[in-house]
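Here is how the chains run, residue by residue.
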Amino acid sequence: MASVVGSADKPPALHGHSFLKKTFHKLTNCHHCSETLWGPIQQGFSCEVCHFVVHDRCLKVVVSPCSSIAASLIKNPVAHCWSEQLNTKRKFCNVCRRKLDDSLSIHCEICEYFVHTDCQDFAVPDCKENATYLPGKQLNFVQHQHHWREGNLPSNSKCAMCKKNCFYADFLSGFRCEWCGVTCHAACHVNMPTECTFGVLEPIYLPPHAVSIPRTEVPMEAIIGVQVRRKDTLSREYSCPRSISEEFSSGDAGRYRELEEYAQSHSQGKERQDKQNKDREDRDEDIVKVYDGNNSFKKRIFRTISVAKQAPLQQVLTQALRAFHITKDPDSFHLTDIYSTDEEVLQDPTPVLNLTRKEGKRPAVFLRFRDRDNDSGEVRVYPGKLQVSKAFCTVPVDSNSTVRDMIKEALKRFGLEAYSPDDYRCSEKLLDRGVTERVLSSNERPWEIMKQLGKDSIRQMELMRFYLQLKQDPHGPNLALFVGNLPPSLSERNYENILTGYLSKDDIYTSIGPIYYEYGSMVITYNDSDKAVRALYTLRESKFEDKHLLVMLLPNIEHSMIPPGVQPLLVFVNVKSGGCQGLELITSFRKLLNPYQVFDLDNGGPLPGLYVFRNIQNYKILVCGGDGTIGWVLQCLDNVGQDSQCSSPACAIVPLGTGNDLARVLRWGTGYNGGEDPLNLLRDVIDAEEIRLDRWTVVFHPEDKSDDGMKQVNSTGKKRQKLSKLRLVTNEQIKRAVIASTTSEDNSQIFVMNNYFGIGIDADLCLDFHNAREENPNKFNSRLHNKSVYVRMGLRKMVGPKMCKDLRKEMRLEVDGRLIELPQIEGIIILNILSWGSGANPWGPEKEDNFVKPNHWDGMLEIVGVTGVVHLGQIQSGLRSAMRIAQGGHIKIHLSSEIPVQVDGEPWVQSPCDVVVSKSALKATMLKKMKGKMKRRNTEPTMLVSPGTQLAPLPSNDGESPTDPNNTTF
């Protein structure tokens, strides 16, 4: 091989690659133009560090930076939210550009960044910057730029410039914008417009310039609630090394721990290593361990290089720097012998042969910074979010320079000399394995900080930056913490006493409220970020009645920065619904949208998201879950609507439950099975029409006025406490209690009904299923299994005793003031929507009778009867309809004995009482998927399509809700 680029006598190009002429022995493509490299020998060039392959003719136009300098090109680093370790197929590592198929890898939960676990040290912290609000900057002057990510494109990607295919399955190539999804070739992306408008998702995208997060040490994972169930990390000492080339090990070689026989624990690894050792002996080479500082030596973590035994010192030093992706001047560093008595500095000639060796161990060296020979130097200062034109400035410093001196000089070089240095602060950011930040005091010495970092870790010194910031946080003085998992229905004073019992006097909040009494949740506000962070970690470690408190740091949305015509979509995902589909959806939505608009219902339910969106005047909601989850969200909307600018946002549904009856009525499907592209789901939400959903109040007035007036008894006779009297209600219990039960002074129980209300055999079956799921919740994780349980329970009811045989003798029905004579039935169902029991229509098709055609916005309920379990099965299969009994807007029922009842799937056995069902003042605006919508063939992988290309609704004459937003025409 002949070195042509990046040699010692020629500085590297702007892209940072160290190219060598190479002969490829199998078909290889250029990573820049994607064309095949042809020729018998030396067909192209390969980077020694990141394996970027390029034609001779493309050498001068390469735009993809080498992983050795990629981190230095970032203006504002943002840490990735790493997943657990997985075996990922058909993806490439963004650091070493090799396939991920053969080894464990991780990926970012927010963006499309994939790396081998061994390459994680060199991952570039350039995740999407999702919160960039700047006070004082007007919306008209905000311009969002593309956030490009190289490679791992969708299989049907087309270049936005040349319209040709830009997906390649055999190598890492092409670019994709993480915001709008537009894709292009590497050669074409330099000609792309810089401004990004978020593509087809712009109407529902929460723009980053409208979001601010507190400037604290709390990582983004803690704010957005990313829950990663990490497995035990595989021990690195048992991982086999992967050599980059025959000359040396570097970027993807990984860091190895101090166990010389780690590869010999596997026969395959031992055979491979024996072969490599024999090859090196034939070439007269040696393997040397390199530690980049004291910290790596303490942790016994190193990297290896393969060098010729006769190699000069400069060659060994260059390869050691490349092993750690160090791009600074090699003259600022030297190598020392670890096993020598006084850590002697390596000298020419033959430094490798002169290394001290220990039996059973490879020779080892320290990569050291020449701190004694460098009493002065230059440091880079980055402006962060300051409105200046320069990406950074270089400030000369020496051992006597202070942070205040550096701030003063940096302000001068940024053209801000008119401002006082006392209004600014400087922070130290380390980009090694994420982003960590430390605010520096004004009297600290930057050059001494650099030299100390050089002793601990050369890699950390390379990745350390100084950032200039205003002392005033752009987020503002108020930091909001959401606190949950406290007992419901306590007084404000009791909640304050609980919190102050956990917090010290110095960490007491500034204010409390709103308080969500029914859920045992609240928001507390701080005007000091340090106090807020201390309170966050203190409360997270606190328990109330053996249960950890739920505490979240909430972002803030500046509603004035949301462009006109944009209705941000607030996404709620029940990750426990639909097997693993909930987890898959929330990951996809966090990548497609701003992660600060996507909330996991397992973390505090809907309340945190509704609080964050409280000041937005017009937004939409997407609920991913079953009918119970939808009712849960609507219930929370009822509770917080009066405190929000938008009291009734329109709600769409991704059905993840078992029945999904409301989703069926609104055309969102029978159940999401993972086959549809999440991008298409979001496009359907944009195109959906608004529709009104009637809601109803169901009030139970017990005959017995004692404290135990309404007893809820399960099918085995075991009493259940009333929901409102539970001492501690978990998030899961709240989710199931979507019917918004409240208790009045006369022991009346009030529920809000969205779908249906059943009495008798239907509720009895529902109760049996509910009890079975309570006993073994882990078994009820698929729709097919749930439905099979229903069938088995129905068969047992057919041969067992009939609890509801004489129902008409045990109840009296009055509709709109008229007494209704009941036929011989075992149950009645009161319908608000024409879907029940996973899509069945008990009301049946249209026919000539005295009833009007029903819908879910007409202010009327439909009452039907069922004669038994067989009749229920026939309704489910579509063979028969239920018995039509009545229609009306006000229903009274008297129950004279204990009878099973259920409201929207929440069952219990009701003691004798009077039941009143009436129109609720609570309204719900829903989104209905457009009828006849053309099924997308997913031929366009990009989200960058014309916003005007929306499908028009087909004409309908079936009496469905109109599309006018006010719902005034029916």
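That block above? That's the structure.
Overview of the structure. Predicted, not measured: the structure shown is a model, and the values here were computed from it. (Residues numbered from 1 in each chain as written. Predicted model: local features only at pLDDT ≥ 70, side-chain atom pairs only at ≥ 80, totals over all residues. Heavy atoms only, no water.)

**Looking at the overall build of the protein**
Along the backbone of the protein there are 19 helices and 45 strands. A buried classification covers 56% of the 970 residues belonging to the protein. Element-wise, carbon and sulfur atoms account for 48% of the exposed surface of the protein, whose accessible area totals about 42,700 Å². (Helix = DSSP H or I, 4+ residues; strand = E, 2+ residues; numbered from the N terminus. Buried < 20%, exposed > 50% of the residue type's maximum accessible area, 1.4 Å probe, protein only. Areas by Shrake-Rupley, 256 points an atom, 1.4 Å probe, with all protein chains shown as cover.)

**Topic: the pattern of salt bridges**
Throughout the structure, instances matching the rule amount to 22 salt bridges. The partner of Arg 57 in a salt bridge is Glu 35, with the nearest N and O atoms 2.5 Å apart. Of this pair, Arg 57 sits in the loop between strand 3 (53–54) and strand 4 (105–107) while Glu 35 sits in the loop between strand 1 (19–22) and strand 2 (44–47); the two residues are 22 residues apart in sequence, bridging distant segments of the chain. A residue is classified by how much of its surface remains accessible, and Arg 57, at 55% relative accessible area, is exposed. (Salt bridge = Lys/Arg side-chain N within 4 Å of Asp/Glu carboxyl O.)

**A closer look at the sheet that holds strand 22 (residues 521–526)**
Taken in spatial order, the four strands make up an open sheet running 21-22-20-23, and their pairing is antiparallel. Edge positions in the sheet fall to strand 21 (511–516) and strand 23 (550–553), since each of these pairs with one other strand and no more. Across this sheet, the average inter-strand angle for adjacent strands is 20°, counted without regard to direction. With four bridges joining them, strand 21 and strand 22 adopt antiparallel strand pairing. Residue pairing across strands places Tyr 516 opposite Ser 521, the latter belonging to strand 22. Packed on one face of the sheet, helix 8 (residues 492–502) meets strand 20 (479–484), strand 21 and strand 22 and runs near 120° to strand 21. Sitting on the sheet, helix 9 (residues 529–540) touches strand 20, strand 22 and strand 23, and the angle it makes with strand 20 is about 15°. (Pairing = 2+ DSSP bridges. Axes fitted to C-alpha atoms, helices over the stretch in contact; angles between N-to-C directions. Contact = heavy atoms within 4.5 Å.)

**Brief notes about helix 19 (residues 869–877)**
Note on helix geometry: an α-helix contains 3.6 residues per turn, so any two residues three or four positions apart are oriented the same way. All of the buried residues in helix 19 are Val 869, His 871, Leu 872 and Ile 875. Seen along its axis, helix 19 keeps its buried residues to an arc of 160°; they face one direction. Phi for Gly 878, located one or two positions after helix 19, is positive at around 85°. (Arc of directions from axis to C-beta.)

**A few points about helix 12 (residues 627–640)**
For helix 12, built from 14 residues, the straight-helix expectation of 20 Å at 1.5 Å per residue is met to within 8% by its first-to-last C-alpha distance of 20 Å. Counting buried residues along helix 12, 12 of its 14 residues qualify, which places the element largely inside the surrounding structure. (Expected span 1.5 Å × (residues − 1).)

**Focus on unusual backbone geometry**
Cis rather than trans, the peptide bond between Asp 348 and Pro 349 has omega equal to -10°. If you trace the backbone, Pro 349 turns up in the loop between strand 13 (333–337) and strand 14 (364–369). For the bond from Gly 513 to Pro 514, the omega torsion is 5°, close enough to zero to count as cis. Mapped onto the fold, Pro 514 is located in strand 21. Positive phi, normally seen in glycine, also occurs at Lys 163, with a value near 65°. Positionally, Lys 163 belongs in the loop between strand 6 (148–150) and strand 7 (175–177).

**Observations regarding the packing of helix 10 (residues 581–592) against helix 14 (residues 678–687)**
At their nearest, the axes of helix 10 and helix 14 sit 10 Å apart, and the two run at 70° to each other. In this view, helix 10 runs roughly perpendicular relative to helix 14, as classed from their interaxial angle. Of the two elements, helix 10 crosses helix 14, and the hand of that crossing is right-handed. Within the contact between the two elements, helix 10 uses Leu 585, Ser 588, Phe 589 and Leu 592 and helix 14 uses Pro 678, Leu 679, Leu 681 and Leu 682. For the contact of helix 10 with helix 14, a count of residues per class yields seven nonpolar, one polar and no charged. (Parallel < 35°, antiparallel > 145°, perpendicular 65-115°, else oblique. Left-handed = near helix turned anticlockwise from the far one by under 90°. Nonpolar A, V, L, I, M, F, W, Y, C, P; charged D, E, K, R; others polar.)

**Section: the nonpolar core**
Leu 201, Ile 524, Phe 589, Ile 621, Leu 622 and Met 926 are the most contacted members of the largest nonpolar core, which totals 144 residues. Element by element, the count of residues in this core is highest for helix 12, at seven residues. Those residues in contact with Leu 622 that sit more than four places away from it in its chain are Leu 569, Leu 570, Val 571, Phe 572, Phe 589, Ala 652, Ile 653, Val 654, Leu 682 and Val 685. If you look at the next biggest cluster of nonpolar residues, it comprises 48 residues, including Cys 393, Ala 410, Phe 414 and Cys 426. (Core = buried A, V, L, I, M, F, W, Y, C linked by side-chain atoms within 4.5 Å.)

**With respect to the environment of Val 598**
Within the element layout of this structure, Val 598 appears in strand 26 (residues 598–600). Ignoring sequence-local partners within four residues, the contact set of Val 598 consists of Ile 224, Val 571, Ile 586, Phe 589, Arg 590 and Leu 593.

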